[in-house]
Amino acid sequence: MVTMEELPVGAGKAMGTMITAPGGEGHPNMIQVQCDKGYLMCGYLNLEAAEKFGDAAVLVGGADFSAVLANPIKGMTTAAASLGVKEGMTGAEAAEALNG
């Protein structure tokens, strides 16, 4: 099942997309949150590939949209760092930087 939801991020918004347990029952959800200038992604997606393509991408874990926004980020691409994403930010803080 695919769920799309508009998410409040600071003064702006982002679009969350979640594929429920793509590997079957007991597997995690695949989550991506699209911001104006980049995106948050779960561990299913590849940070190295995002770097190769020059994407402003941030890796963050969580089982749903609220967890992805609340959890600390786990990594980022060079392009995301150039937009102000920093180690120690939450997903929501990183999304706000990617909307800037």
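Relevant structure appears above.
Parameters and conventions
Residues numbered from 1 in each chain as written. Predicted model: local features only at pLDDT ≥ 70, side-chain atom pairs only at ≥ 80, totals over all residues. Heavy atoms only, no water. Buried < 20%, exposed > 50% of the residue type's maximum accessible area, 1.4 Å probe, protein only. Helix = DSSP H or I, 4+ residues; strand = E, 2+ residues; numbered from the N terminus. Pairing = 2+ DSSP bridges. Right-handed = clockwise from strand over helix to strand, strands pointing away. Polar contact = N/O pair within 3.5 Å; in protein donor to acceptor, adjacent residues only side chain to side chain. Contact = heavy atoms within 4.5 Å. Core = buried A, V, L, I, M, F, W, Y, C linked by side-chain atoms within 4.5 Å.

Engineer: Outline the pairing of strand β5 (residues 57-60), supporting the account with residue identities and numerical values.
Structural biologist: A regular strand carries its side chains on alternate faces of the sheet. Alternating positions in β5 separate into two faces, A57 and L59 on one and V58 and V60 on the other, with burial throughout. Examined bridge by bridge, strand β4 (residues 39-41) and β5 share 3 bridges and lie parallel to one another. From the neighbouring strand, M41 faces β5, where its bridge partner is L59. The parallel pair β4 and β5, bridged by helix α1 (residues 47-52), forms a crossover whose chirality is right-handed. Examined bridge by bridge, β5 and strand β6 (residues 73-76) share 3 bridges and lie antiparallel to one another. Residue V58 lies in a different strand from β6, and its bridge partner there is M76.

Engineer: How would you sum up the side chain of N99? Please name residues and give values.
Structural biologist: Its location among the elements puts N99 in helix α4 (residues 91-99). For N99, a relative accessible area of 15% translates into the label buried. One polar contact links the side chain of N99 to the main-chain carbonyl oxygen of K13, over a distance of 3.0 Å. Polar side-chain contacts of N99 include one of 2.7 Å to the backbone nitrogen of D36. Apart from residues lying up to four places away in sequence, N99 is in contact with V9, G12, K13, C35 and D36.

Engineer: Now, about the nonpolar core: what can you tell me, with residues and values included?
Structural biologist: One finds V33, L40, V58, V85 and L98 to be the most contacted residues of the largest nonpolar core, which totals 24 residues. When contributions to this core are tallied by element, the ones reaching two or more residues are β1 (2-9), β2 (12-19), β3 (30-34), β5, α2 (65-70), β6 and α4. Here the element with the most residues in this core is α4; it accounts for 4 residues. Apart from the residues within four sequence positions on either side, V58 is in contact with Y39, L40, M41, I73, G75, M76, A80, V85, A94 and L98. Membership of the second largest hydrophobic core comes to 5 residues, among which are Y39, M41, A50 and A57.

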